[in-house]
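# Survey of secondary and tertiary structure
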Amino acid sequence: MRSVCPHDCPSACALRVRVEDGRLVEVTGDPAHPFTRGLICGKVRAYAERLHSPLRVLHPLRRVGPKGAGRFERISWEAAIAEIAARWRRILATDGPEAILPFSYAGTMGQVQYYAGHPLFHALGASRLERTICVATAYAGWRATVGAVTGNDSEQMVGADLIVLWGINAAYSSINLMTLVKEARRRGAFIVAIDPYRTPTAAEADEHLAVRPGTDAALALAVMHVLVAEGRLDRDYLARATLGFERLAEHLRAWPPARAAAITGLPAERIVAFARRYGAGPRTFIRVGIGLSRHDNGGMTCRTLACLPALTGAYADPHGGALLSSSEAFGLDTRALERPDLAPRPRPRAINMIQLGRALTDPGMTPPIRALYVYNSNPAAVCPEQTRVLRGLAREDLFTVVHEQVLTDTALYADLVLPATMALEHEDLYRSYGHFHLQWAGPVLPPPGEARSNWETFGLLARALGVAVDHYAQTPADLIRAALAGGDASVRGITYERLRAEGSVRLNLPRPYRPFADGAPTPSGKVEFYSARLEAEGFPPLPTWTPLVEGPDAVALVARYPLQAIVPPNRFFLNSSFSQSELLRRRQGTPTVLIAPADAAARGIEDGAPVRVRSPRGEVAFTARVTDATRPGVVVIEGIWWHRFHPGGRGVNVLTSDRTTDLGGGPAFHSNLVEVEPA
Ligand SMILES: Nc1nc2c(c(=O)[nH]1)N[C@H]1C(S)=C(S)[C@@H](COP(=O)(O)OP(=O)(O)OC[C@H]3O[C@@H](n4cnc5c(=O)[nH]c(N)nc54)[C@H](O)[C@@H]3O)O[C@H]1N2
Ligand SMILES: Nc1nc2c(c(=O)[nH]1)N[C@H]1C(S)=C(S)[C@@H](COP(=O)(O)OP(=O)(O)OC[C@H]3O[C@@H](n4cnc5c(=O)[nH]c(N)nc54)[C@H](O)[C@@H]3O)O[C@H]1N2
Ligand SMILES: [Mo]
């Protein structure tokens, strides 16, 4: 049977699943799907382990021990819904609706289940959640240059002369992209990976540029300097599709390669060689990862990278261009799902999700948050400032409901846990942020125990509270039809029936897809080297590099925390999902910190030794991996382990800060100063 991988990953794979006697026995990639091409990751191949996990939540549970202890008794759905309705009514009467905070992210990329709670919380007038934890910074930067979060189709990169994998570890985070990269390479493409450490992706590339974290904009400015100085430009494209080239060219005079060399840690000759390679023609494809945006200066970095293909005209080439994300190419009518019209005016306060710890513990919050409802997310593990998040979740006066598939770290702090279905047990519509295919999947298994989907659960709550009842009278099929019917040209002709029949349908976009071939949906209609909008908002109007707030230039901090720590994904987990799996934990090994031989020797640390990593926020135990895969001065901590499986009972996000980046209000997960010591 056909299905779709629901996890928060750009690949959004088309799956084939086999079910026998009510059990999932096999999951493979759909060989016919143009992006999946029969290949899926080890996490999802082992999906039976997740679906039938011993940690699966099967019934509603009520807390009977202290918060965090994970002692629960089984209760009925009726009792659980009645208790939530009664507690919320009391809070609505005493503190008002803003004392209720929903907390969710993209545990499922299915549009129905993703947006299932929005209408209810809007109708209640609850605090709004700013869902910034992942792409907000990157998208804000990208939009500043090209106006919309879309780009050239990576299926077209086969045929490119040069592929630049810029801040993306595709071998872990979107393996299907590597299929295309390898095919392009067989046909003669040269592959460059730009990443502070030698990831498996970088190891497969023809060239690896190991930049210092947070310095990519400086590299890109020097590359542009060379392109302009040597006239490696597409004058026709510049004239017809861009704005502000003269001012950019003037600005770039201050960026000779030698200046970028001192900042990035790359020799100037290599920067020049890379620029010449990039400027040799327009048939160059840059695949930008979200990874490099998770820095203090990450928004401007993405904005700066988006300028490069405009200088050489690569945006107009059938095999060239750039892609950060395909997200906004999907012109679905998400308002039909989200129902912002149900929210009161003026709009309730907004709380940035990456500052959950502050929101729960700040005595100045008026009203204080009295009730938290968590779904599609595991904030105890994934949010920065974990110490503060856990202090907030431990508040005895906070009424916390967690709707979950598995008993996560967050669920252990819940007053009530509700059992959630998995994607193979419910219906949904899936978009992608890595490809351009819209997909549908229905249930292939019955829900285990008493599990219910987000949609069903919010319907029960809406009826118990008497709000947004009409909205929740719809079925998932009604919602999918509405999201398609109200959508733009990209989904014209794509009906619910067609999706059901075909499973996956490519968006209604031209081939080749070159959205910025003749301009871009910015205020000027051009690719904006110069952004009046950024200027009006108080930002530099031209692409810029600024030092990290928490980086080598923070001299006082560097004295105590001399190393930079980046915290990217690992291979076998997806954010904190799959950390529940004994099989995948075994494959992953143990929580480790990668450290360069010189840094390890200076601290008396040997490979395999237990160490403590300290940041200004706290300290966490790891095992040291001494390796030349990372450069001196930079340590790497891959993946998010549930902290109950972490030595010392605390995870990587104790170290990270809830500081927001330059644009979009996202997190600077990778801008950390740390010290590593033998334990
Ligand atoms: N296996 C696995 N797959 C995943 C995930 C996972 O946790 N595990 N997470 C999923 C999610 S939620 C997302 S958003 C996506 C993307 O998740 P992201 O975390 O954005 O991952 P990537 O885009 O691969 O980018 C990560 C790479 O960026 C690099 N990087 C960090 N700082 C810098 C820098 O300053 N400059 C440069 N050039 N590179 C830098 C890191 O070293 C790493 O190799 O992946 C998804 N796929
Ligand atoms: N140190 C560090 N921290 C990071 C990152 C990093 O690179 N490094 N990456 C960040 C990024 S990019 C992201 S996107 C966030 C992700 O953070 P989260 O969105 O919290 O991602 P997960 O850890 O995968 O947790 C998702 C949870 O949703 C549950 N879930 C899945 N489907 C459903 C459903 O249909 N209904 C309900 N009720 N629950 C469901 C899953 O069981 C899982 O526990 O983490 C961020 N945190
Ligand atoms: Mo993400």
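Look up: the structure comes first, before these words.
Worth saying up front: this structure is predicted, and the values here are computed from it rather than measured.

### Comments concerning the pairing of strand S16 (residues 399–404)
Most of S16 sits inside the fold, with six of its six residues counted as buried. Of the two faces of S16, the one holding Phe399, Val401 and His403 and the one holding Thr400, Val402 and Glu404 are both buried throughout. As paired elements, strand S15 (residues 371–375) and S16 share five bridges and run parallel to each other. In the sheet register, Leu372 faces S16, and the bridge partner there is Thr400. Relative to strand S17 (residues 416–419), S16 runs parallel, the two sharing four bridges. When the bridges of S17 are listed, Val401 appears paired with Leu416.

### Examining the pairing of strand S2 (residues 14–20)
Of the pairings in the sheet, the one linking strand S1 (residues 2–4) to S2 comprises three bridges and is antiparallel in character. Counterpart to Val4 in the pairing with S2 is Ala14. Of the pairings in the sheet, the one linking S2 to strand S3 (residues 23–29) comprises six bridges and is antiparallel in character. From the neighbouring strand, Val19 faces S3, where its bridge partner is Leu24.

### Regarding the packing of aromatic side chains
Under the definition given, this model contains 17 aromatic pairs. Plain terms: the ring middles of Trp88 and Tyr373 are 5.9 Å apart, the flat faces sit at 70° to each other, and that makes the pair edge-to-face. With Trp88 in helix H3 (residues 77–94) and Tyr373 in strand S15, the pair connects residues that are 285 residues apart, well separated along the chain. For the pair Trp88 and Tyr373, one class covers both residues: buried. Relative to Phe516, the ring of Tyr315 lies with its centre 5.3 Å away and its plane at 85°, an arrangement referred to as edge-to-face.

### Here's the deal with the site of ligand 1
Neighbouring ligand 1 are 36 residues, the closest being Ser173, Asp195, Gly214, Asp216 and Phe573. At 2.8 Å from an oxygen atom of ligand 1 is found a main-chain nitrogen or oxygen belonging to Asn169. Within the backbone of Ile194, an N or O atom sits 3.0 Å from a nitrogen atom of ligand 1. Protein contacts shield 97% of the accessible area of ligand 1, which totals 900 Å² for the unbound molecule. Here the residues of the shell around ligand 1 are counted per class, giving 19 nonpolar, 11 polar and six charged.

### Regarding the state of the cysteines
What is meant by a disulfide is a covalent connection between two cysteines, made through their sulfur atoms. Considering all chains together, one arrives at zero disulfides under this definition. In this structure Cys5 is a free cysteine whose sulfur lies 6.2 Å from that of Cys13, the closest cysteine sulfur available. Cysteine Cys41 shares no disulfide, and the gap to the nearest cysteine sulfur, in Cys5, comes to 6.4 Å.

### Quick notes on the site of ligand 2
Ligand 2 sits among 32 residues. The nearest are Ser377, Asn378, Glu404, Ser576 and Ser577. One nitrogen or oxygen atom from the side chain of Ser377 is found 2.8 Å from an oxygen atom belonging to ligand 2. One of the backbone nitrogen or oxygen atoms of His403 is found 2.8 Å away from a nitrogen atom of ligand 2. The fraction of the free accessible surface of ligand 2 (930 Å²) that becomes covered by protein chains is 96%. Here the residues of the shell around ligand 2 are counted per class, giving 13 nonpolar, 15 polar and four charged.

### Brief notes about the sheet that holds strand S10 (residues 207–209)
By definition, the strands of a sheet pair up through backbone hydrogen bonds, in either a parallel or an antiparallel sense. Pairing is parallel across the open sheet formed by five strands, whose spatial order is S10-S9-S8-S12-S13. In the strand order of this sheet, the two ends are held by S10 and strand S13 (321–323), each with one partner. Recorded for the sheet is a direction-independent mean angle of 15° between the axes of neighbouring strands. The strands touched by helix H14 (residues 268–279) within the sheet are strand S8 (162–166), strand S9 (190–194), S10 and strand S12 (284–288), with S10 carrying the most contacts at an inclination of about 125°.

### Remarks on helix H8 (residues 175–186)
Under the 1.5 Å per step criterion, the end-to-end length of H8 is 17 Å for 12 residues, consistent within 8% with the ideal 16 Å. Along H8, the residues classified as buried are Ile175, Asn176, Leu177, Met178, Leu180, Val181, Glu183 and Ala184. Close packing links the buried residues of H8 with S8, helix H7 (170–173), S9, helix H9 (200–204) and S12. Backbone geometry just downstream of H8 places Gly188 in the positive-phi region, at approximately 110°.

### Quick word on the packing of helix H10 (residues 216–229) against H14
As a packed pair, H10 and H14 sit with axes 9 Å apart at the nearest point and diverge in direction by 65°. Handedness of the crossing formed by H10 with H14: right-handed. Taking contact as the criterion, the partners of Leu219, Ala222, Val223, Val226 and Leu227 in H10 are, on H14, Ile271, Val272, Phe274, Ala275, Tyr278 and Gly279. Looking at the contact of H10 with H14 residue by residue, the classes come out as 10 nonpolar, one polar and no charged.

### Observations concerning the nonpolar core
Ranked by internal contacts, the top residues of the largest apolar core, which has 198 residues, are Trp88, Trp166 and Leu438. Element by element, the count of residues in this core is highest for H10, at 10 residues. Not counting residues up to four positions away in its chain, the partners in contact with Trp166 are Ile194, Asp216, Leu219, Ala220, Phe274, Ile286, Arg287, Val288, Gly289, Leu292, Leu305 and Leu308.

### Regarding the sheet that holds S1
One open sheet holds the three strands; their spatial order is S1-S2-S3, and the pairing between them is antiparallel. Of all the strands in the sheet, just S1 and S3 have a single pairing partner and so form its edges. Averaged over neighbouring strand pairs, the angle between their axes works out to 40° when direction is ignored.

### Overview of the pattern of salt bridges
For side chains bearing opposite charge, pairing can occur when the charged atoms are close. The full count for this structure, using the stated rule, is 42 salt bridges. Salt-bridge contacts for Asp30 lead to Arg16; the nearest nitrogen and oxygen are separated by 3.1 Å. Here Asp30, found in the loop between S3 and helix H1 (42–45), pairs with Arg16, found in strand S2; they are 14 residues apart in sequence, far enough to count as distant. Its relative accessible area of 36% is what places Arg16 among the partly exposed residues. Across the salt bridge formed by Arg18 and Glu20, the nearest N and O atoms sit 2.4 Å from each other. The class for Arg18 is partly exposed, based on a relative accessible area of 39%. Given a relative accessible area of 39%, Glu20 falls into the partly exposed group. One continuous salt-bridge network, built from bridges that share partners, spans Arg63, Lys67, Glu396 and Asp415.

### Things to note about unusual backbone geometry
Backbone geometry follows two general trends: most residues other than glycine have a negative phi, and most peptide bonds adopt the trans configuration. At the junction of Thr366 and Pro367, the peptide bond is cis and its omega measures out at -10° in the coordinates. Tracing the backbone through its elements, the reader meets Pro367 in the loop between helix H18 (356–361) and S15. Between Arg511 and Pro512 the backbone carries a cis peptide bond, its omega angle lying at -10°. Even without being a glycine, Ala12 presents a positive backbone phi close to 35°. Following the sequence through the fold, Ala12 ends up in the loop between S1 and S2.

Calculation rules
- Residues numbered from 1 in each chain as written.
- Chains lettered and ligands numbered in written order.
- Predicted model: local features only at pLDDT ≥ 70, side-chain atom pairs only at ≥ 80, totals over all residues.
- Heavy atoms only, no water.
- Buried < 20%, exposed > 50% of the residue type's maximum accessible area, 1.4 Å probe, protein only.
- Helix = DSSP H or I, 4+ residues; strand = E, 2+ residues; numbered from the N terminus.
- Pairing = 2+ DSSP bridges.
- Phe/Tyr/Trp six-rings, centres within 6.5 Å; stacked < 30°, edge-to-face > 60°.
- Near = heavy atom within 4 Å.
- Polar contact = N/O pair within 3.5 Å; in protein donor to acceptor, adjacent residues only side chain to side chain.
- Areas by Shrake-Rupley, 256 points an atom, 1.4 Å probe, with all protein chains shown as cover.
- Nonpolar A, V, L, I, M, F, W, Y, C, P; charged D, E, K, R; others polar.
- Disulfide = S-S within 2.5 Å.
- Axes fitted to C-alpha atoms, helices over the stretch in contact; angles between N-to-C directions.
- Contact = heavy atoms within 4.5 Å.
- Expected span 1.5 Å × (residues − 1).
- Left-handed = near helix turned anticlockwise from the far one by under 90°.
- Core = buried A, V, L, I, M, F, W, Y, C linked by side-chain atoms within 4.5 Å.
- Salt bridge = Lys/Arg side-chain N within 4 Å of Asp/Glu carboxyl O.

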